Amino acid sequence: MTEELDAGLIAEQVEEHPEAIDQPDPTRHIGRPLKRKEDRRLITGRTRWTDNIQLPGLMHMAIVRSPVAHARINRVDVSGALDRPGVIAAFSAADLGDALGTLPCAWPVTADMVHPDHHPLATDEVRHVGEAVAVVVATDRYAAADATEAVEVDYEPLPAVTDMEEALKDEVLVHADKGTNKTYLWPFDGGDYDAARAQAEAEGGIVFKRRYIQQRLIPAAMEPRAVVVEPLTEGDEYTVYSATQIPHILRLMLALTCDIPEQQIRVIAPDVGGGFGSKLNVYAEEVIALVVARKLGRPVKWTESRSEGFQATIHGRDQIQDIEIAATRDGRILGLSVDLKADMGAYLQLVTPGIPVLGAFMYNAIYKMDAYRFRCTGVFTTKTPTDAYRGAGRPEATYAIERIMTDLAYELGIDPIELRRRNWIKHEEFPYATIAGLTYDSGNYEAATERALELFGYDELRREQQERRDRNDPVQLGLGISTFTEMCGLAPSRVLGSLSYGAGGWEAASIRMLPSGKVEVVTGTTPHGQGHLTAWSQIAADALGVPFEDVNVIFGDTQSSPVGMDTYGSRSLVVGGVAVHLAARKVVDKARKVAAHLLEAAEGDVEFSGGTFSVKGSPDAKTTIQEVSLATFAAHNLPDGMEPTINADAVLDPENFSFPHGTHLCAVEVDTETGRPTIRKYVAVDDIGNVINPLIVEGQVHGGLAQGIAQALYEEAVYDSDANLVTGTMVDYLVPSAADLPEFTTDRTETPSTTNPLGVKGVGEAGTIASTPAVVGAVVDAVHHFGVQEIRMPTTPERVWRAINDSGSDGGGRAAEGTIAYGGPQTSTTAGGAE
Amino acid sequence: MAKIEVTVDGVRYHDEVEPRLLLVHYLRERLGKVGTPIGCDTSNCGACTVHVDGVSVKSCTMLAVQADGTQITTIEGLAQNGQLHPVQQAFHDNHALQCGFCTPGMIMASVDLLQHNPSPSDEEIRHGLEGNLCRCTGYQNIVRAVRQAAEKSAEVTA
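Calculation notes
Residues numbered from 1 in each chain as written. Chains lettered and ligands numbered in written order. Predicted model: local features only at pLDDT ≥ 70, side-chain atom pairs only at ≥ 80, totals over all residues. Heavy atoms only, no water. Contact = heavy atoms within 4.5 Å. Buried area = accessible area lost by both parts, 1.4 Å probe. Salt bridge = Lys/Arg side-chain N within 4 Å of Asp/Glu carboxyl O. Helix = DSSP H or I, 4+ residues; strand = E, 2+ residues; numbered from the N terminus. Buried < 20%, exposed > 50% of the residue type's maximum accessible area, 1.4 Å probe, protein only. Polar contact = N/O pair within 3.5 Å; in protein donor to acceptor, adjacent residues only side chain to side chain. Phe/Tyr/Trp six-rings, centres within 6.5 Å; stacked < 30°, edge-to-face > 60°. Lys NZ or Arg CZ within 6 Å of the ring centre and 35° of its normal. Pairing = 2+ DSSP bridges. Axes fitted to C-alpha atoms, helices over the stretch in contact; angles between N-to-C directions. Parallel < 35°, antiparallel > 145°, perpendicular 65-115°, else oblique. Left-handed = near helix turned anticlockwise from the far one by under 90°.

(A) Geometry of the interface of chain A and chain B. With 56 residues of chain A in contact, the opposing surface of chain B contributes 48 residues. Across the interface of chain A and chain B, roughly 4,600 Å² is buried in total on both sides, 54% from carbon and sulfur atoms. Three residues stand out in chain A for area buried against chain B, namely Ile43, Tyr142 and Met222 of chain A, and they jointly supply 18% of the buried area on that side. Joining chain A to chain B, the criterion identifies seven salt bridges.

(B) Focus on the environment of Ala109 of chain B. All names here are of chain B. Positionally, Ala109 belongs in helix H3 (residues 103–116). We classify Ala109 as buried; its relative accessible area is 8%. Along the chain, Ala109 and Gly128 lie 19 residues apart, while their C-alpha atoms are 8.2 Å from each other.

(C) Just the environment of Arg41 of chain A, in detail. All names here are of chain A. As for its position among the elements, Arg41 is in helix H2 (residues 39–44). With sequence-adjacent residues up to four places away left out, Arg41 is seen in contact with Arg46, Thr47, Arg48 and Asp271. In terms of polar contacts, Arg41 uses its side chain to reach the backbone carbonyl oxygen of Arg46, at 2.9 Å.

(D) Highlighting the packing of aromatic side chains. Residue and element names in this part refer to chain A. Considering all chains together, one arrives at 16 aromatic pairs over all chains under this definition. Seen from their ring centres, Phe188 and Tyr372 are 6.0 Å apart, and the 45° between their planes marks the pair as tilted. Residue Phe188 is found in strand E7 (residues 182–190), and its partner Tyr372 is found in strand E15 (residues 371–380); the two are separated by 184 residues along the sequence. Grouping aromatic residues by their ring pairs yields a cluster made of Trp186, Phe188, Phe361, Tyr363, Tyr372 and Phe374. One cation-aromatic arrangement involves Lys37 over Phe548; the distance from NZ or CZ to the ring centre is 4.4 Å. Stacked on the ring of Tyr568, the Lys or Arg Arg571 has its end atom at 5.2 Å from the ring centre.

(E) Molecular detail of the sheet that holds strand E26 (residues 661–671) of chain A. Residue and element names in this part refer to chain A. Taking strand neighbours across the sheet as the criterion, the four strands line up as E18-E26-E27-E28 in an open arrangement whose pairing is mixed. In the strand order of this sheet, the two ends are held by strand E18 (475–485) and strand E28 (745–749), each with one partner. Going from strand to strand, the sheet's axes swing by 15° on average, the running direction of each strand aside. For E18 and E26, the ladder comprises 11 bridges, and the chain directions are antiparallel. Bridge pairing links Gln476 to Val670 in E26. The strands touched by helix H20 (residues 694–713) are E26, strand E27 (677–687) and E28; relative to E27, the strand with the most contacts, the crossing angle is about 140°. Along the sheet, helix H21 (residues 766–783) contacts E18, E26 and E27; its crossing angle with E18, the most-contacted strand, is approximately 150°.

(F) Up close: the packing of H20 of chain A against H21 of chain A. All names here are of chain A. Between H20 and H21, the shortest axis-to-axis distance is 7 Å and the interhelical angle comes to 40°. Judged by the inter-axis angle, H20 sits oblique to H21. Taken as a pair, H20 and H21 cross one another with a handedness that is right-handed. In contact with Val701, Gly704, Leu705, Gln707, Gly708, Ile709, Gln711, Ala712 and Leu713 of H20, H21 contributes Gly767, Thr768, Ser771, Thr772, Val775, Val776 and Val779.

Here is the structure:
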């Protein structure tokens, strides 16, 4: 695999970028499963989590949070806390006044979007359980926590609203001054959906709709959020340590929010223990800590407890999807219409409104169609704000399209794989302009699907399924299919601009050639588990011809890696990693000039391979890049007029998104007596183009699968009718353990991206995006012959049992209690589970 | 305040602590043993797992005063003389960690698991580590790592 990959990569690079590599180098690092450089510290406990930081005079901060979802605040009295032992200060919003500013939302998706103020400490009203109301600062964390109980808040209850359709009636307003709970309506039209629908009806085709519910999820990165702010002794200057994915963006936003000159804030993301989007934000506590440290002139630390985080850190998903498909009788999709309602929660966090909009471009997925209509309505409710959670809009879209494709197959009596074949973009049709306005650069859905079917044993499992049905086996078998793609590698800045996103999508890299011949790579990406130290070392080592061990990578500190757009949206490799490659090529170009000078040769005659410059036709005339580096440092003998450096920077603005794809197949056994679904087999064949480190890639896929499967089977943030978070601790919210997940079979096909010189695509979110519909599709498939059309996620044993037992034997697809299903074939069709 | 005497990673400490002080806070904030992290407040995640007298304990479920007179090993004391413990090595070899936050607890729990069951099946590994949550790896490589550590240990003792 590795050797094939190397050959393919080199051939592609030489073809696309002949200047990149003079000749293939057998000592390449790219494509090899090198063990991670990161691990040594992490497996021995020599870590630098934000909560580890101790500073002289460090104060601890605890937040008083609203116990009710919606209430008017008549009074906040912090004086009781001040009398408690160890307490240094306590503040309400009124005590801190304008210093707190309002929290930023950087993605106003429409010009008329309703954008309420979001104060770090609530002023007149609280709008979700867990909203911050006051802050207590003490000498240690126990004292601070104790003293929060002495803060008195007079809440005058207001009605809560948790259900989006209820909220859209505007009877209970989350923000009374705005007069509506509707945040925005974001429309998109590709082609004429009404015409496509009319054609289906006129030609005896099929039109039907489904409703899918994307339950609310809690990201639950293993490291809770934490922030430490250290005021520097001189002047209005601060070092902010935060468990964040976005130190660069956070620095800018803190400067703007708190009105502190940006150059006086340094943000450090030390070791960060996972994020999955939940640390892609600017949080109230980061602002409060900065303001408190500024006011008191002492360093302060805040670390959330897990239960606190469940209320105060963003949630994910929470959408209602009404989707309608129009197709010909032989299964060709004519059009797709999506009406989406997306729960914003009570406020707009950094990119809250844009998350469902990211999904807008993915409902059409890998399929060709004539028309696509998309409407997204953002809705305020009295719940914790939603925002980016692994996949962010794309898992939701993929779920809906993959589920309805399988339903279309049921309705038409076509095998679901065959139906997909009839509709997907063929490998020879790339680049392909989709109905949603994107251009997919490359892909091979046929190859990935063939490989997945082979590993899965699809035909054999179908036979077994039929046998189990025939003998009315208490354990039924279902097969789920997800032939997904996704858009990632955020993103071309101009495209982000056209979507009203507040920033660009470029990424920066610098290469510093040290006098000793060692190399420092400075990257603007901010890893929190992704292994950039290892992968960027591989990229730099190959481009520079230096040993992997000789490369260090610097990140996560706005002082030492000052330029960056950080890590989210599976962007790090395809933007940041490629920027490292480009910067390294610039280093080689500069070094070649020095080498030519030292070797007294024409620059055009100097070749570079494996870290050595040599002169064409003079095999003995050579010098290494390390020797050139030292010679440049000394600068005694450089070409006339040359700056004494071979260091180089690159800032890459990608020309397109990245479109990884793959085929995931899942077999689920359902015990019809208990309703319990059990994954029997899971096969994931992903195509992410060329691979830098297969070990890391496999790990990303495994972790992504776990989170997607968790949505399908286990996780749901449940609110009661008063908008209390019922699943408020890890006791109630089921983050799966090793015992809850199966062994995965993973493999890859490799169709290089054509839009970057490494031929790479993103992988961080693929597993999560792909897996949920494969699993739920399999659960439903196992009981479809009982007339079950839909089971709401997570498909718990209770829900599955109810679906089986509440459905009729007429195969009419009736809704089961606790499930939501409506609609049905609007034209005549084969009903139920005909194959 | 209560007096305690504990040995942590080979160093003996005499201390006075509040009776309510959790062991994990004692380790982290008093002794600076920050290699042991805290991932939850309900004893679900297992990130804070250490060994007390050789047995794995979630150090958020124990008071410092309860540890009086015990020998505690944290992730920081597992490697001996610069030599990684076979489970640490196996975690590295099998890419059984990504962000690394659950890793100290996961490794300490795995060491304990193998002490009780030197050649576990994959299912026994999965059930044995049920009390330790990881959000990054999907557990597959953790199971591989524990299996490999068990196999290596078997080779050594054979």
